[in-house]
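# Descriptive analysis of the structure
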Amino acid sequence: MLGYVLSAAANAVMLAVCLTRWRRRVIGSGIIAALIAQLGWSVMLAAQGDDVRVAVGLAMSLHYLRDLIWALVLIQCLAGSHDGWVVRAGRRLLFALMALVALVALGAAASLLPTASALLVRYLEPNRLWGGFALAAGGLVLVEQLARNTRSGRQWELKFVWLAIGGFYAWDLCVFSTAMLHGPTRDFWIAGGFVNTLLAGVLAIGLWRI
């Protein structure tokens, strides 16, 4: 639980800074929405670690929402650092991801209803690991595309941003692939809070450079 409390605190501090001193740096990038999602996700896992019951549908939706919003940030970075077909493809993907974000948000709201929650658990829980695995793999592909297509003049600015977001996805890929092969491992979930706290520091360096 301590790791996710630290992660929530780190993301809360970054969110406060982005809403005040760094507001002009991050406007239009989706970073603020991503930090809100990261903060909510960390608080939820900290609550679960303290034996607070959280609806399975809500927990799944928050995790998927967090991953999708980071994907939106990557696409915004890609569109802002490259021209041509990459931007056009990124905008199409951006609209598709926005639709997915809306659906996940609706799922999170529906999971708060007792009857809907039971329905979501029955249909989504068997496939939740596959969903997390697919989002993590897709996020790493976006990070690779951003690293490859960023103009040389902007690589210094964005390098730590894509390293941090890539770290979030890489850790998720490790957690979900291990869970699919050997079953959920509590040690991975406990360590995840500390990993996300460290990656929040890497992201702060990246935002400071912008």
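Here the structure is shown first, and the text comes after it.
Since the structure is predicted, the reported quantities are computational estimates derived from the model, not experimental observations.

## A short note on the environment of Gly132
With respect to the secondary-structure elements, Gly132 resides in helix 7 (residues 128–149). By relative accessible area, which is 0% here, Gly132 ends up buried. Here the alpha-carbon distance between Gly132 and Phe176, two residues 44 residues apart in the chain, equals 6.6 Å. If near-sequence neighbours (up to four positions away) are discounted, Gly132 is found in contact with Tyr64 and Phe176.

## Looking at the pattern of salt bridges
In total, this model carries 3 salt bridges according to the counting rule given. Across the salt bridge formed by Asp67 and Arg66, the nearest N and O atoms sit 3.0 Å from each other. Each member of the pair Asp67 and Arg66 is classed as buried. Taking the shortest distance from any N to any O, the salt bridge between Asp172 and Arg66 comes out at 3.0 Å. Of the two residues, Asp172 is situated in helix 8 (residues 155–182) and Arg66 in helix 4 (residues 56–81); the sequence distance between them amounts to 106 residues.

## Some points on the packing of aromatic side chains
Taken as a whole and assessed by the stated rule, the structure comprises 4 aromatic pairs. Judged by centre distance (5.7 Å) and plane angle (80 degrees), the rings of Tyr4 and Trp41 are edge-to-face. Of the two residues, Tyr4 is situated in helix 1 (residues 2–19) and Trp41 in helix 3 (residues 31–49); the sequence distance between them amounts to 37 residues. Classification of Trp41 by relative accessible area gives buried; the value is 2%. Across from the ring centre of Trp41, 4.0 Å away, lies the NZ or CZ of Arg66, which sits over that ring.

## Notes on the packing of helix 1 against helix 9 (residues 186–209)
Helix 9 packs onto helix 1 with a crossing angle of 20 degrees between their chain directions and a minimal axis gap of 7 Å. Taken together, the axes of helix 1 and helix 9 are roughly parallel relative to one another. In this structure, helix 1 crosses over helix 9, and the sense of that crossing is left-handed. On helix 9, the residues touching Leu2, Gly3, Tyr4, Leu6, Ser7, Ala10, Met14 and Cys18 of helix 1 are Trp189, Ile190, Gly192, Gly193, Phe194, Asn196, Thr197, Ala200, Leu203, Ala204 and Leu207.

Each value, and the rule that gives it
Sequence order as written defines residue numbering, which begins from 1 separately in each chain. Reporting of local features is limited, given that this is a predicted model, to residues whose pLDDT is at least 70; pairs of side-chain atoms are given and counted only at 80 or more, and all residues count toward the totals for whole chains, interfaces and linings. Side-chain descriptors were evaluated using all non-hydrogen atoms of the structure, hydrogens and water having been removed beforehand. Strands here mean DSSP runs of E at least two residues long; helices mean DSSP runs of H or I at least four residues long; both are numbered from the N terminus. Exposure classes here rest on a 1.4 Å probe applied to the protein chains alone. A residue is buried below 20% of its type maximum, exposed above 50%, and partly exposed in between. Every residue pair with non-hydrogen atoms within 4.5 Å of one another is taken to be in contact. Between Lys or Arg on one side and Asp or Glu on the other, a salt bridge is scored when a side-chain nitrogen of the former is within 4 Å of a carboxyl oxygen of the latter. When two rings of Phe, Tyr or Trp (its six-membered ring) have centres within 6.5 Å they constitute a pair, described as stacked for plane angles under 30 degrees, edge-to-face for angles over 60, and tilted for the intermediate range. For a Lys NZ or an Arg CZ to count as sitting over a ring, it must be within 6 Å of the ring centre and within 35 degrees of the ring normal. With axes taken as lines fitted to C-alpha atoms, and helix axes fitted only over the stretch in contact, angles between N-to-C directions fall between 0 and 180 degrees. Roughly parallel means an angle under 35 degrees; roughly antiparallel means over 145; roughly perpendicular covers 65 to 115; every other angle is labelled oblique. Note on convention: near helix rotated counterclockwise from far helix by under a right angle means a left-handed crossing. Clockwise means right-handed.

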